Amino acid sequence: MFEILEGVSNIQRGGNVCFLHIIYGIQNQNKMIRCLFFISLLIHSALGQNSTAKKWLTLSGKRPLVIARGGFTGMFPESSSFANQMTQTLSLPDTATLCNLQLTKDGIGICLSGVTLDNSTNINLVFPKEKKNYTVNGKEVSGWFSLDYTSDQLFNNISLVQNVLSRSSMFDSLAPISTVEDVTGIKPAQFWLNVQYDTFYTQHKHSPATYVQRALRFIGINYISSPEIGFLKSMVGKVNKDKTKLIFQVLGADEIEPTTNKKYSSLLEDLASIKSYASGILVPKEYILPVKADKYLGAPTTLVSDAHKQGLEVYASGFSNDLISSYNYSYDPSQEYLHFIDNSQFSVDGVLTDFPPTASEAIGCFANNKQVKPAKGNPLIITKNGASGIYPGATDLAYQRAVDDGADIIDCSVQMSKDGVAFCLDSADLMGATTVITSFISRSTVVQEIQPNAGVFSFDLTWSEIQTLKPQITTVFKDFPRNPAYKNSGKFVTLAEFLEFAKAKGASGILINIQNAAYLASKKGLDIVGSVTTALSNATFDKQSTQSVLIQSDDTSVLSKFKSVPAYQRVLYIEDKVGDAPKQSVEEIKKYADAVAITRATIIEVTDYFTTDFTSVVEEFQKANISVYVYVLRNEYITLAFDYFSDPIVEIATFVTGIGVDGIITEFPGTASNYIRSPCTNTDKPEYNILPVAPGSLLGLAPPEVQPPAEAPLPPLDSADVVDPPLPPVANISTASSPVAEAPPPSASISFANVAKMDLSLMAIMVLSLLSMLN
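Residues numbered from 1 in each chain as written. Predicted model: local features only at pLDDT ≥ 70, side-chain atom pairs only at ≥ 80, totals over all residues. Heavy atoms only, no water.

## A closer look at a negative patch on the surface
For step 1, the next point in the chain: Among the surface-exposed residues, Asp554, Glu575, Asp576, Asp718 and Asp721 lie close enough to one another that they form a single negatively charged patch.
For step 2, the next point in the chain: Here Asp576 falls in the exposed class, since its relative accessible area comes to 53%. (Patch = residues over 30% accessible without salt bridge, like charges linked within 9 Å, V, L, I, M, F, W, Y side chains within 5 Å. Areas by Shrake-Rupley, 256 points an atom, 1.4 Å probe, with all protein chains shown as cover. Salt bridge = Lys/Arg side-chain N within 4 Å of Asp/Glu carboxyl O. Lys, Arg positive; Asp, Glu negative; His and termini not counted. Charge placed at Lys NZ, Arg CZ, Asp CG, Glu CD. Buried < 20%, exposed > 50% of the residue type's maximum accessible area, 1.4 Å probe, protein only.)

So this is what it looks like as structure tokens:
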């Protein structure tokens with residue numbers, strides 16, 4: 001078991017008891033909440049308050065404010081006790097909790113977005129025949145409305161549900177609707193009340209203004225916002241400006257503001273008028289950084305600087321880790337925040353988000369820290385085909401981006417052409433990472449020794465034929481395309497060019513991955529091991545110790561061929577998921593390898609997208625002095641367990657500080673570099689703690705009856721499944737028709753010209769679809 005509060009040195013016995021409750025799960029939710037609050041105090045007491053040392057371009061010069069919309073709604077139903085308490089536990093200490101105000105029939109204020117209840121509660125199931133229609137700001141709206149129900153009816157019958165389908169429903173129907181007093185009762189550092197529909201409630205004989213004035217006598221409200229100018233003007237002079245700020249909430253550009261009947265976009269043309277009744281504006285983030293139709297960022301507007309000139313603060317809304325925004329962010333949500341708070345032109349004064357922990361890490365750890373150097377002893381950042389999450393894998397562009405992003409080890413998975421040229425590509429099957437089906441689909445064949453599906457393989461094409469192809473960026477999931485503007489950019493790289501590039505760019509090291517050696521030798525007469533050995537020698541990697549050389553293979557016989565060079569680290573690639581590494585198996589592997597590359601699932605068990613336990617595999621290998629590298633890490637939130645909050649940084653933190661792996665193999669080295677090189681990772685008292693997950697703790701918040709059944713345990717690692725027979729000799733296959741070509745000499749520097757993208761022809765797509773159906 002690891003310490004969830006890594007770096008917090010003053011955890012007392014009471015905190016340890018709470019920690020154990022969370023790890024093993026407790027069903028008493030009140031006790032859980034008390035424990036979370038206690039841990040929150042410990043975390044915040046250990047945080048460094050060094051934000052004043054940073055220079056911010058906010059209006060006040062202070063760090064931007066994190067505003068949690070209904071608490072941690074990215075994980076829990078809006079304004080539930082879980083959502084609000086976890087916000088305090090996992091966010092910066094000054095985070096504001098926002099309540100979207102609705103009023104009940106008897107005038108009680110409750111916290112839920114929108115004007116109806118059916119999107120965020122189960123009211124449609126409890127009162128299925130009570131759906132009504134109302135005119136709201138000139139539009140007909142159907143649903144269940146809070147003003148039709150007394151507070152007792154709602155509190156005694158209705159419970160909260162998650163209102164975003166991509167999020168877990170595990171915590172649905174566990175908590176009642178929260179009142180304004182419920183939210184303020186947990187004592188958030190700051191409280192933000194958003195009055196959404198003043199005109200609508202006033203038309204139905206409820207007065208939000210009166211409610212707010214009464215509430216101000218009993219609770220502290222730091223911010224009051226509204227999209228209705230009439231309401232804000234009615235509050236001028238009735239709030240203490242030193243304690244409460246009035247904020248004008250701007251809605252969509254073409255939506256109509258009820259008081260003036262003007263479009264919100266036109267109202268922003270007169271910021272001086274807004275200043276007369278508000279001290280700031282809350283605007284959708286697209287008003288500041290527009291996203292074009294192709295999902296790339298447009299030029300930033302001048303709204304923030306214009307508002308700051310008028311003395312208006314600017315808060316940006318609409319942040320969420322699990323909504324695809326712009327390809328510029330490469331599916332790393334922290335990068336989106338940085339575009340709004342860490343640039344040379346402006347910084348917004350706060351961000352309204354469903355995921356306050358991610359906003360906190362961006363502000364507390366990543367902003368204004370571009371010059372931070374990594375600490376010694378950090379795990380290695382190892383690429384998977386370069387920065388293949390951003391550019392087509394194993395191309396010049398992917399390798400250059402990997403170096404620029406701070407990768408320690410860049411990798412080349414070596415493939416062989418028919419005429420013996422060694423080059424870098426993820427797989428011998430060219431169909432995934434190239435445009436081969438447009439030209440050589442007739443060469444498709446099935447090679448059972450490599451894969452069960454048909455493919456067009458590199459060893460069936462000459463190097464000159466392969467050079468006629470274009471690279472193709474690989475997408476893990478159809479609905480999550482990667483950088484489509486560059487989907488066919490870059491050029492293929494020979495092994496010799498890759499080695500020359502690594503030396504020229506001063507990479508800390510290289511990883512050479514060797515696949516299918518036995519098949520290539522016996523069936524194709526290609527000596528991939530000899531080609532790699534010769535290339536490394538020609539590039540003098542066997543005669544130096546400045547740059548690390550890792551030789552990776554899933555074949556122990558391949559690794560044995562490199563035992564004579566002590567400077568090389570041999571890495572055994574273990575593809576199967578295992579749950580244990582018995583001593584006998586570990587000792588057998590140690591005869592062939594200095595390190596292992598293992599899957600994420602071998603280290604952390606996951607059931608229905610929830611982590612459930614750590615295995616002991618990493619510990620067992622490291623006890624034998626065998627380094628452990630975990631693969632493959634990606635940014636797309638669909639690849640992450642719910643415990644990681646749709647944030648790849650949290651997964652990295654779990655493997656790095658929670659488990660202590662020796663290296664991470666990733667398609668997005670920049671994301672890993674941001675975490676490993678941040679001051680929150682390299683200082684004793686960080687401004688914010690990025691906590692690793694405790695497997696099972698999140699799932700433990702749900703009652704046992706709704707939890708998924710436990711999965712069967714993974715099998716242990718068996719050395720008989722790992723150790724391979726000796727490599728066969730290289731067959732003497734006639735090459736009269738295709739003489740073996742000399743590998744082209746490396747150029748002085750790899751050309752980085754972009755390759756024009758080429759779309760697949762309709763015929764090629766039809767052929768590919770037919771092949772998929774046949775397979």
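## Notes on the pattern of salt bridges
For step 1, the next point in the chain: Counted according to the given criterion, the structure contains 25 salt bridges.
For step 2, the next point in the chain: With a shortest N-O distance of 3.0 Å, Lys591 and Glu588 are connected by a salt bridge.
For step 3, the next point in the chain: In this structure, Lys623 and Glu619 form a salt bridge, with 3.6 Å as the shortest nitrogen-oxygen distance. On the criterion of helical spacing, the pair formed by Lys623 and Glu619 is a turn pair, its members being four residues apart in helix α23 (residues 617-623).
For step 4, the next point in the chain: Given the relative accessible area of 47%, Glu619 is considered partly exposed.
For step 5, the next point in the chain: When salt bridges with common partners are traced through the structure, they connect Arg69, Glu78, Arg167, Asp322 and Asp354 into a single cluster. (Helix = DSSP H or I, 4+ residues; strand = E, 2+ residues; numbered from the N terminus.)

## Here we look at the packing of aromatic side chains
For step 1, the next point in the chain: The full count for this structure, using the stated rule, is 32 aromatic pairs.
For step 2, the next point in the chain: Between the aromatic rings of Phe200 and Tyr201, the centroid separation amounts to 5.4 Å while the plane-to-plane angle is 65°, which identifies the pairing as edge-to-face. No difference in accessibility class separates Phe200 from Tyr201, as the two residues are buried.
For step 3, the next point in the chain: An aromatic cluster is present here, built from Phe72, Phe76, Phe82, Phe171, Phe355, Tyr609, Phe610, Phe642 and Phe645 joined pairwise through their rings.
For step 4, the next point in the chain: Between the NZ or CZ atom of Lys285 and the centre of the ring of Phe319, over which it lies, the distance is 5.2 Å. (Phe/Tyr/Trp six-rings, centres within 6.5 Å; stacked < 30°, edge-to-face > 60°. Lys NZ or Arg CZ within 6 Å of the ring centre and 35° of its normal.)

## Here's the deal with the side chain of Arg482
For step 1, the next point in the chain: Along the polypeptide, Arg482 turns up in the loop between α16 (463-466) and α17 (495-505).
For step 2, the next point in the chain: At 2.7 Å, the side chain of Arg482 and the side chain of Glu636 are in polar contact.
For step 3, the next point in the chain: Of note is the side chain of Arg482, whose polar atom sits 2.7 Å from the side chain of Glu667.
For step 4, the next point in the chain: Filtering out sequence-adjacent residues up to four positions away, Arg482 remains in contact with Tyr331, Ser388, Gly389, Ile473, Thr474, Thr475, Val476, Arg634, Glu636, Glu667 and Phe668. (Polar contact = N/O pair within 3.5 Å; in protein donor to acceptor, adjacent residues only side chain to side chain. Contact = heavy atoms within 4.5 Å.)

## A few points about the state of the cysteines
For step 1, the next point in the chain: Within the structure shown, the criterion is met by three disulfides.
For step 2, the next point in the chain: Each disulfide pairs two cysteine sulfurs, and for Cys99 the partner residue is Cys111, the sulfurs being separated by 2.0 Å. An S-S torsion of about -95° defines the bridge between Cys99 and Cys111 as left-handed. Of this pair, Cys99 sits in strand β2 (residues 96-103) while Cys111 is found in strand β3 (residues 109-111), placing the two residues twelve residues apart along the sequence.
For step 3, the next point in the chain: Disulfide pairing is shown between Cys412 and Cys424; the S-S distance is 2.0 Å. Taking the sign of the S-S torsion, about -105° here, the bridge from Cys412 to Cys424 comes out left-handed. On the criterion of sequence distance, the pair formed by Cys412 in strand β15 (residues 409-416) and Cys424 in strand β16 (residues 422-424) is long-range, its members being twelve residues apart. One exposure class covers both Cys412 and Cys424, and it is buried.
For step 4, the next point in the chain: Shown here for the chain is a disulfide pattern of 1-2, 3-6, 4-5, where each number marks a bonded cysteine counted in sequence order. (Disulfide = S-S within 2.5 Å.)

## Observations regarding helix α3 (residues 81-90)
For step 1, the next point in the chain: Along α3, nine of the ten residues are buried, which leaves the element largely enclosed by surrounding structure.
For step 2, the next point in the chain: Listed as buried for α3 are Phe82, Ala83, Asn84, Gln85, Met86, Thr87, Gln88, Thr89 and Leu90.

## Brief notes about the pairing of strand β12 (residues 313-319)
For step 1, the next point in the chain: Judged by how many residues are buried, β12 sits mostly within the fold: six of seven residues are covered.
For step 2, the next point in the chain: Of the strand pairs in this sheet, strand β11 (residues 280-284) and β12 are connected by five bridges, and their pairing is parallel. For Leu282, the partnering residue across the bridge sits in β12 and is Tyr315.
For step 3, the next point in the chain: Chirality of the crossover, the property in question, places the unit of β11, helix α12 (residues 303-309) and β12 among those that are right-handed.
For step 4, the next point in the chain: In this structure, β12 lies alongside strand β13 (residues 350-353), joined through three bridges in parallel fashion. Within the sheet, the bridge partner assigned to Tyr315 lies in β13 and is Gly350.
For step 5, the next point in the chain: In terms of handedness, the path from β12 via helix α13 (residues 333-341) over to β13 forms a crossover that is right-handed. (Pairing = 2+ DSSP bridges. Right-handed = clockwise from strand over helix to strand, strands pointing away.)

## What to know about the nonpolar core
For step 1, the next point in the chain: Ranked by internal contacts, the top residues of the largest apolar core, which has 170 residues, are Phe248, Phe498, Ile512 and Phe621.
For step 2, the next point in the chain: Take this core: its biggest share by element is seven residues, from helix α24 (residues 648-659).
For step 3, the next point in the chain: Not counting the four nearest positions on each side in its chain, Phe621 is found in contact with Ile574, Ala581, Val586, Ile589, Val596, Ile626, Val628 and Leu717.
For step 4, the next point in the chain: Grouped together as the second largest cluster of nonpolar side chains are 15 residues, Ile437, Val456, Leu461 and Leu469 included. (Core = buried A, V, L, I, M, F, W, Y, C linked by side-chain atoms within 4.5 Å.)

## Some points on the environment of Val348
For step 1, the next point in the chain: Tracing the sequence through the fold places Val348 in the loop between α13 and β13.
For step 2, the next point in the chain: Here Val348 falls in the buried class, since its relative accessible area comes to 0%.
For step 3, the next point in the chain: With near-sequence residues (within four places) excluded, Val348 lies in contact with Thr58, Pro64, Ile288, Val304, Val314, Ala316, Phe340 and Ile341.

## Details of the side chain of Thr395
For step 1, the next point in the chain: Mapped onto the fold, Thr395 is located in the loop between β14 (380-383) and α15 (396-404).
For step 2, the next point in the chain: Owing to a relative accessible area of 0%, Thr395 belongs among the buried residues under this scheme.
For step 3, the next point in the chain: If we skip the residues at most four places from it in the chain, Thr395 touches Pro471, Ser489, Gly490, Lys491 and Val493.

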